[in-house]
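Geometric and topological summary
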Amino acid sequence: KQEVTQIPAALSVPEGENLVLNCSFTDSAIYNLQWFRQDPGKGLTSLLLIQSSQREQTSGRLNASLDKSSGRSTLYIAASQPGDSATYLCAVSGFQKLVFGTGTRLLVSP
Amino acid sequence: KAGVTQTPRYLIKTRGQQVTLSCSPISGHRSVSWYQQTPGQGLQFLFEYFSETQRNKGNFPGRFSGRQFSNSRSEMNVSTLELGDSALYLCASRAYSILTSTDTQYFGPGTRLTVL
């Protein structure tokens, strides 16, 4: 059974810092890995998708890497801003469904 | 393209009642998945429908059911509601590209169900 863990559970940083969110999964037989953002009480916004054959994806200040062999992914956020405050979820795609991690709650203070 | 829409956005029910939630996927998407999000269990997969057929089901009791219509719109139903069914129910519309071998899910805003 696939299990996805995210560390840390919560993170508080001052504006401008670079930060790394971690995601680990137990079964390397994944189709792809997605990072999502969720604002309080809202749905999920897809940030980045990494196919199983890829090593990383970039979008603006976000960079996500994937190491299937070790069962790890990281989301790097450069020059953090207060608007980045949200919960970040990683999800691995298996057979027709996503298995989600527990999330990292990020607070960026001005 | 319009995004995934879910109705209603908020719902309050009492124990023992039943509820039906609706999801309209992005135009052209034939796959719809449902997820339950609670503070204790996080996001958990309920089921997926593709072309009106249930393709996969999560580990939830039979009180949770769903269906998909020919226009790809989907409904999920929860019967005999329990307090523990209070959650955010999210629907996802799925796009698969053979050309790029990408499989991306786009989520709706969710329906917040409160069971009293």
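Anyway, here's the lowdown on the structure attached to this text. (Residues numbered from 1 in each chain as written. Chains lettered and ligands numbered in written order. Predicted model: local features only at pLDDT ≥ 70, side-chain atom pairs only at ≥ 80, totals over all residues. Heavy atoms only, no water.)

1. Some remarks on the nonpolar core
- Grouped together as the largest cluster of nonpolar side chains are 23 residues, with contacts concentrated most on A:L33, A:W35 and A:L75.
- Contributing elements (two or more residues each) for this core: β3 (19–25), β4 (32–38), β5 (44–51), β7 (62–67), β8 (72–77), β9 (86–93) and β11 (104–109) of chain A.
- Ignoring any residue separated from it by four or fewer positions in sequence, one finds A:L33 in contact with A:C23, A:F25, A:L48, A:L49, A:I50, A:L66, A:S73, A:C90, A:A91 and A:V92.
- In this structure, B:I26, B:L46, B:V78 and B:A87 belong to the second largest nonpolar core, which totals 21 residues. (Core = buried A, V, L, I, M, F, W, Y, C linked by side-chain atoms within 4.5 Å. Buried < 20%, exposed > 50% of the residue type's maximum accessible area, 1.4 Å probe, protein only. Helix = DSSP H or I, 4+ residues; strand = E, 2+ residues; numbered from the N terminus. Contact = heavy atoms within 4.5 Å.)

2. Some points on unusual backbone geometry
- Here the residue pair A:I7 and A:P8 is connected by a cis peptide bond, since its omega of 0° sits within 30 degrees of zero.
- The omega angle of the peptide bond from B:T7 to B:P8 is -10°, so this bond is cis rather than trans.
- Mapped onto the fold, B:P8 is located in the loop between β1 (5–7) and β2 (10–13).
- One non-glycine residue, A:A79, lies in positive phi territory at about 45°.
- In this structure, A:A79 sits in the loop between β8 and β9.
- Given the relative accessible area of 36%, A:A79 is considered partly exposed.
- In the Ramachandran plot, B:S72 falls in the positive-phi region, its phi being about 80° despite a non-glycine side chain.
- Relative to the assigned elements, B:S72 resides in the loop between β7 (64–68) and β8 (74–78).

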